[in-house]
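# Chains, contacts and geometry: an overview
The chain contents come next:
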Amino acid sequence: MAVDLLLGLQWGDEGKGKIVDVLTKDYDIIARFQGGPNAGHTLEFDGIKHVLHTIPSGIFHDNAMNIIGNGVVIDPVIFRRELQNLDKFEGLDYVSKILISRKAHLILPTHRLLDAASEASKGKAKIGSTLKGIGPTYMDKTGRNGIRVGDLELADWKDRYTSLRDKHISMIDFYDAKIEYNLQELEAEFFDAIKVLKKLKFIDSEEYLHQAQKSGKTILAEGAQGSLLDIDFGTYPYVTSSNTTAAGACTGLGIAPNKIGEVFGIFKAYTTRVGSGPFPTELFDADGETMGRVGNEFGATTGRPRRCGWLDLVALRYAVQVNGVTQLMMMKGDVLSGFDTLKVCTSYKYKGKTIEHFPYNIEPENVEVVYKEMKGWKEDLTGMTEASQLPKALNEYIDFLEKELETPIKIVSVGPDRTQTILR
Ligand code: IMP
């Protein structure tokens, strides 16, 4: 069986968690392939809102096994908190529904401290990191110093922990920016959380997924963040430290490229970004303020307000291409209800020339945005359940995007709840 992928096409926060939750009934396995607790996947059903950071978004369905793949970085402390939040769901036996790759790397308390010290030392050039220790943990992974989940099964893992921790402390001291911390407290919390982590099952996830494919199981690989935050293809250096694009599912789960089936690309009907970095269609006016307010655009992990702007087709075309998207899913269409006119960026003027591809550098001094204006709609979409109910102007918006992106839009989401999902 082929493995389907689900990815964000913008700067994250597209609504991937909701769609994974909606699609899970069709899959036997949901497998997260990269990122860590910098992600905040929000799911809503039965009037309750849930935010997941590390746990795959299939957890609330009985039919699916949830895998945390080798490409993910795990903070045991945050993970334990996530598990505790699941305790309120009576009958949800998460211990038997989550499997963790032995090859996933651990975020140590000192990784978080290093993240803070590094950001503080950057001053105005800071990335706007979520400060969850993501960058330093992936640096230790590629630097071949990291501690993996599978190491917890070895007798000497605490010695390795101590030597890495000591190295981190000398690195923290090296930064000009001084940060306050109580290592004893952090470590007590960390080692307690490790005990909880060890209650879950560790597996060789690439082998598990290989056997699952052979026996005809259906698998959905769940991405975190978005394509424009990809370490290679995003707006570097204002990116995260993993490959958020389709190729990341191959390396983050051990799935062969020829085994990939559908690639679901999730995007918002407008654009948001949290953290620093260029954002050509960003709005600083009442329209941007309306999107933020109506769309409740606050980070699910950090609570920071998200920057808002019009849809950017140059960026979206690029993301569709890099990921090989086969089906699009448009989120938060309902947030755009009420605008008289909508704008869509169709090309950039880059160093004076009109271009339609995403260039090396999208800093404002190089890029001027070219917009197409489209008619807005006034209808409230949140109670709609059928494609036939969608207003004419919204259908024109969708048709235009499909033509520009040469890819069908199969789902239009009209609210945060599971049920507010229209199939086309
Ligand atoms: P880090 O991954 O925490 O180091 O953050 C690097 C950049 O990616 C910052 O701009 C963050 O705001 C952004 N980022 C990381 N994770 C997410 C996410 O899940 N949604 C949106 N932005 C994110």
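From a predicted model like this one, the values you see are computed outputs, not experimental measurements.

On to the site of the ligand, then. The environment of the ligand is formed by 15 residues, the closest being N38, T130, T240, V274 and R304. For the ligand, an oxygen atom lies 3.4 Å from a polar atom in the backbone of I127. R304 has a polar side-chain atom sitting 3.0 Å from an oxygen atom of the ligand. Surface burial for the ligand is 96%, taken as the share of its 470 Å² of free accessible area covered by protein chains. Classifying every residue of the shell around the ligand gives 6 nonpolar, 7 polar and 2 charged.

Glancing now at the pairing of strand β3 (residues 41-45). Only one face of β3 is buried, namely the one carrying H41, L43 and F45, since none of T42 and E44 on the opposite face is buried. Across 5 bridges, the pairing between β3 and strand β4 (residues 48-52) is antiparallel. Residue H41 lies in a different strand from β4, and its bridge partner there is L52. Following β3, the chain reverses through 2 residues before pairing antiparallel with β4; D46 in that reversal takes a positive phi of roughly 50°.

A word on the sheet that holds strand β15 (residues 327-331). Across the sheet, which stays open at both edges, the 10 strands sit in the order β9-β7-β5-β2-β10-β1-β11-β15-β19-β20 with mixed pairing between neighbours. The sheet terminates laterally at β9 (201-203) and β20 (421-423), the two strands that pair on one side only. The sheet shows a mean angle of 25° between the axes of neighbouring strands, taken without regard to direction. Strand direction decides the pairing type here: strand β5 (residues 65-68) and strand β7 (residues 98-101), joined by 3 bridges, are parallel. Each bridged residue has a counterpart across the sheet, and for I68 the counterpart in β7 is I100.

On to the pattern of salt bridges, then. It is possible for side chains bearing opposite charge to pair when their charged atoms get close. Taken as a whole and judged by the stated rule, the model has 22 salt bridges. Between K392 and E396 there is a salt bridge; the shortest N-O distance is 3.2 Å. Of the two residues, K392 and E396 both sit in helix α11 (residues 392-405), 4 residues apart, roughly one turn of that helix. A residue is classified by how much of its surface remains accessible, and E396, at 35% relative accessible area, is partly exposed. Beyond isolated ion pairs, a larger network of salt bridges with shared partners links D13, K268, E297, R306 and K332.

Here the focus is the environment of L99. Mapped onto the fold, L99 is located in strand β7. Exposure remark for L99: the relative accessible area of 5% places this residue in the buried category. Note: C-alpha distance between L99 and A31 (68 residues apart in sequence) is 9.3 Å. Not counting residues within four places of it along the chain, the set of residues in contact with L99 comprises M65, N66, I67, I68, K201, I203 and Y208.

Cut-offs applied
- Counting from 1, residues in each chain are numbered in the order their sequence is written.
- Given that the model is predicted, a residue must reach a pLDDT of at least 70 before its local features are reported, and side-chain atom pairs must reach 80 or more before they are shown or counted; all residues, however, enter totals for whole chains, interfaces and linings.
- Only heavy atoms go into the side-chain values, all of them from the structure, while hydrogens and water stay out.
- Near is defined per residue: the residue qualifies when any heavy atom it owns lies within 4 Å of the molecule or strand.
- For the purposes of these results, a polar contact is taken to be a pair of N or O atoms within 3.5 Å, where, inside protein, one atom must be able to donate a hydrogen and its partner to accept one; residues adjacent in sequence count only when each atom of the pair is a side-chain atom.
- Areas reported as accessible are Shrake-Rupley estimates using a 1.4 Å probe. Residue values count occlusion only from the protein chains shown.
- The residue classification treats Ala, Val, Leu, Ile, Met, Phe, Trp, Tyr, Cys and Pro as nonpolar and Asp, Glu, Lys and Arg as charged. All others, Gly included, are polar.
- Remark: exposure states derive from per-residue accessible area (1.4 Å probe, protein chains only) relative to the maximum for the residue type, with buried under 20%, exposed over 50%, and partly exposed in between.
- Going along the chain from the N terminus, every DSSP run of H or I of four or more residues is numbered as a helix, and every run of E of two or more is numbered as a strand.
- Pairs of strands are assigned from DSSP output, requiring at least two bridges between the strands.
- For helices, the axis comes from a line fit to the C-alpha atoms of the stretch in contact; other axes are also lines fit to C-alpha atoms, and the angle between any two N-to-C directions lies between 0 and 180 degrees.
- Think of a salt bridge as a Lys or Arg side-chain nitrogen and an Asp or Glu carboxyl oxygen that are within 4 Å of each other.
- Contacts are residue-level and defined by heavy atoms, with any inter-residue pair within 4.5 Å sufficient.

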